[in-house]
Amino acid sequence: MNFGLSEEQEMIVETVRAFVETEIYPHENEVERSGIVPPELGDEIRRKCIDLGFYACNFPEEVGGAGLDHVTFTLVERELGRGSLGLTVFFGRPSGILMACEGEQRERYLLPAVRGEKIDALAITEPDAGSDMRGMKCAARRDGGDFVLNGTKHFISHADVADFVIVFAATGEEETPKGIKKKITAFLVDRGTPGFEILKGYDSVSHRGYHNCTLNFTDCRIPEAQVLGEVHRGFDIANQWLYGTRLTVAATCVGRAQRVFDLALPYAAERKQFGKPIGANQGVSFKLADMITEIDAADWLTLAAAWQVDAGRPADRQIASAKLYASEMLARVTDEAIQIFGGMGLMDDLPLARFWRDARVERIWDGTSEIQRHIISRDLLRPLGA
């Protein structure tokens, strides 16, 4: 077992970390204050990422990506996690689901997304269908050679800057051991398509500048040529690719926690009370010991899960464990960091309150902590017939 990074991986980590520190950090306070990323700033970050050769680094070389393996890409996501999500979203990592594009779809959607010419967004969640994906009400019915889409999606991340959206909709029903469930199909829907409306979403306490949107479809006509994958097989496509988003959440939580720790450690060594550094007190030093232990544990869990994927081994449980532990670890670490800083930890002069607020959503999106526990427990119990 070799836990070291290769020379190339070390270089990638250093390069991405430097990019975040020089291109992302300087703009964070203004984005946090305004809740807006100016379009020209987003374009500048995207252009610099392309020039650096990291845009779409999660895609294989044959379609123009950097072809990074899952471990190395997870290291990239870990470093990006140190920065504001509203800004790092422009360090493009298009949805892996686009690899399901075929024929003309590759020229129209996949390749432009890889080149940074188009931005995609993923639309699954609905007001009445979050964790229960197959309970969605957004539906598409056949009409000649087209599908007509009606319904609403919400909590759709960065749809406000997307050129097209990958929309999952019900296209039928089937009998399952758990009763009647919806058949799901994925569609590629362009911004500006008649009947497709992108609206401002909810104001969130987490990740300001990284907007969620509400999507309305009213008799939105979509040619069958824009079905992604096979009709009624969208659920399979989603399950095949969503593991990558959960690894991303785990990795970014590790990066964010490490940045918080890097603020708390020197403060504990420098801040004096009662004539000595507060870090000399076990009440603070033990917090630091617990924080770094949890960060390291989450880091290794996440990298081990990525290694499982690279090795071609089943990794659902390992990915769920990484996402579960890393997201809950981040909440504990940010809370303890604020405790170390005391009242100053909650002031806008420091970024800790932002990290604390941002941490809360990580236990919800891309599969709640409860869903991750379900995945883990089912993996353990099914072989025993339970």
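The coordinates are above.
Presented here is an overview of the structure given in this document. (Residues numbered from 1 in each chain as written. Predicted model: local features only at pLDDT ≥ 70, side-chain atom pairs only at ≥ 80, totals over all residues. Heavy atoms only, no water.)

### Considering the nonpolar core
For step 1, the next point in the chain: Within the largest apolar cluster, 48 residues are counted, with the highest numbers of intra-cluster contacts made by Val 76, Leu 98 and Phe 168.
For step 2, the next point in the chain: Non-local contacts of Leu 98, meaning those with residues more than four positions away in its chain, are made with Phe 59, Leu 110, Ala 113, Asp 120, Phe 164, Ile 166 and Leu 188.
For step 3, the next point in the chain: Counting residues in each nonpolar core, the second largest holds 37 residues, with Val 260, Ala 306, Ala 337 and Ile 340 among its members. (Core = buried A, V, L, I, M, F, W, Y, C linked by side-chain atoms within 4.5 Å. Buried < 20%, exposed > 50% of the residue type's maximum accessible area, 1.4 Å probe, protein only. Contact = heavy atoms within 4.5 Å.)

### Things to note about the environment of Val 284
For step 1, the next point in the chain: Residue position: Val 284 is located in helix H7 (residues 282-310).
For step 2, the next point in the chain: Sequence spacing of Val 284 and Ala 139 is 145 residues, and the spatial spacing of their C-alpha atoms is 54 Å.
For step 3, the next point in the chain: Excluding anything up to four places from it in sequence, Val 284 contacts Ala 268, Ile 278, Gly 279 and Ile 340. (Helix = DSSP H or I, 4+ residues; strand = E, 2+ residues; numbered from the N terminus.)

### Points about the pairing of strand S7 (residues 212-223)
For step 1, the next point in the chain: Judged from the nine bridges that link them, strand S3 (residues 146-157) and S7 form a sheet pairing that is antiparallel. The residue of S7 that forms the bridge with Lys 153 is Leu 215.
For step 2, the next point in the chain: Looking at chain direction, strand S6 (residues 196-200) and S7 are connected through five bridges and run antiparallel. Pairing of Ile 198 across the sheet is with Leu 215, part of S7. (Pairing = 2+ DSSP bridges.)

### A short note on the packing of helix H8 (residues 316-341) against helix H10 (residues 369-381)
For step 1, the next point in the chain: Running from N to C, H8 and H10 cross one another at 145 degrees; their axes reach a closest spacing of 9 Å. Handedness of the crossing formed by H8 with H10: left-handed. Taking contact as the criterion, the partners of Asp 316, Arg 317, Ala 320, Ser 321, Lys 323, Leu 324, Ser 327 and Glu 328 in H8 are, on H10, Ser 369, Gln 372, Arg 373, Ile 375, Ile 376, Asp 379 and Leu 380.
For step 2, the next point in the chain: Its residues placed into classes, the contact of H8 with H10 shows five nonpolar, four polar and six charged. (Axes fitted to C-alpha atoms, helices over the stretch in contact; angles between N-to-C directions. Left-handed = near helix turned anticlockwise from the far one by under 90°. Nonpolar A, V, L, I, M, F, W, Y, C, P; charged D, E, K, R; others polar.)

### What about the pattern of salt bridges?
For step 1, the next point in the chain: Going through the model one piece at a time under the given rule, you end up with 29 salt bridges.
For step 2, the next point in the chain: In this structure, Glu 44 engages Lys 48 in a salt bridge whose closest nitrogen and oxygen atoms are separated by 2.9 Å. Here Glu 44 and its partner Lys 48 are both found in helix H2 (residues 39-52), four residues apart, which amounts to about one turn of the helix.
For step 3, the next point in the chain: Across the pair Lys 153 and Glu 126 runs a salt bridge, and its minimum N-O distance is 2.9 Å. Separated by 27 residues along the polypeptide, Lys 153 in strand S3 and Glu 126 in the loop between strand S1 (120-123) and strand S2 (139-143) bring together distant segments of the chain. Both residues of the pair, Lys 153 and Glu 126, count as buried.
For step 4, the next point in the chain: Here the salt bridges share partners, and the residues they tie into one network are Arg 17, Arg 78, Glu 79, Arg 82, Asp 262 and Asp 299. (Salt bridge = Lys/Arg side-chain N within 4 Å of Asp/Glu carboxyl O.)

### What to know about the environment of Ser 131
For step 1, the next point in the chain: As for its placement among the helices and strands, Ser 131 is situated in the loop between S1 and S2.
For step 2, the next point in the chain: In the structure, Ser 131 is positioned 240 residues away from Ile 371 in sequence and 7.4 Å away in space, judged by C-alpha atoms.
For step 3, the next point in the chain: The contacts of Ser 131, once residues within four sequence positions are left out, are Thr 368 and Ile 371.

### Re a nonpolar patch on the surface
For step 1, the next point in the chain: A contiguous nonpolar surface patch, about 380 Å² in accessible area, is contributed by Met 344, Leu 346, Met 347 and Trp 356.
For step 2, the next point in the chain: With respect to the helices, strands and loops of the structure, Trp 356 is situated in helix H9 (residues 352-361). (Patch = residues over 30% accessible without salt bridge, like charges linked within 9 Å, V, L, I, M, F, W, Y side chains within 5 Å. Areas by Shrake-Rupley, 256 points an atom, 1.4 Å probe, with all protein chains shown as cover.)

### Considerations on the packing of aromatic side chains
For step 1, the next point in the chain: Taken as a whole and judged by the stated rule, the model has nine aromatic pairs.
For step 2, the next point in the chain: Aromatic pair Phe 54 and Phe 91: ring centres 6.1 Å apart, planes at 40 degrees, arrangement tilted. Linking Phe 54 in the loop between H2 and helix H3 (70-80) with Phe 91 in the loop between helix H4 (85-88) and helix H5 (104-115), this pair joins segments that are 37 residues apart in sequence.
For step 3, the next point in the chain: On the basis of relative accessible area, Phe 91 is assigned to the buried category, the value being 1%. (Phe/Tyr/Trp six-rings, centres within 6.5 Å; stacked < 30°, edge-to-face > 60°.)

### Digging into the environment of Tyr 202
For step 1, the next point in the chain: Of note, Tyr 202 is situated in the loop between S6 and S7.
For step 2, the next point in the chain: On the basis of relative accessibility, which here comes to 45%, the residue Tyr 202 falls in the partly exposed class.
For step 3, the next point in the chain: Expressed as a C-alpha distance, the spacing of Tyr 202 and Cys 213, which sit eleven residues apart in the sequence, is 7.2 Å.
For step 4, the next point in the chain: Apart from residues lying up to four places away in sequence, Tyr 202 is in contact with His 154, Phe 155 and Asn 212.
For step 5, the next point in the chain: There is a polar contact of 3.0 Å between the side chain of Tyr 202 and the side chain of His 154. (Polar contact = N/O pair within 3.5 Å; in protein donor to acceptor, adjacent residues only side chain to side chain.)

### What about the packing of H8 against H9?
For step 1, the next point in the chain: At a minimum axis distance of 9 Å, the contact between H8 and H9 shows a crossing angle of 155 degrees. Taken together, the axes of H8 and H9 lie roughly antiparallel to each other. Of the two elements, H8 crosses H9, and the hand of that crossing is left-handed. When H8 is examined against H9, the residues Leu 330, Ala 331, Thr 334, Asp 335, Ala 337, Ile 338 and Phe 341 are found in contact with a partner set consisting of Leu 352, Ala 353, Phe 355, Trp 356 and Ala 359.
For step 2, the next point in the chain: Per-class residue counts for the contact of H8 with H9 are ten nonpolar, one polar and one charged. (Parallel < 35°, antiparallel > 145°, perpendicular 65-115°, else oblique.)

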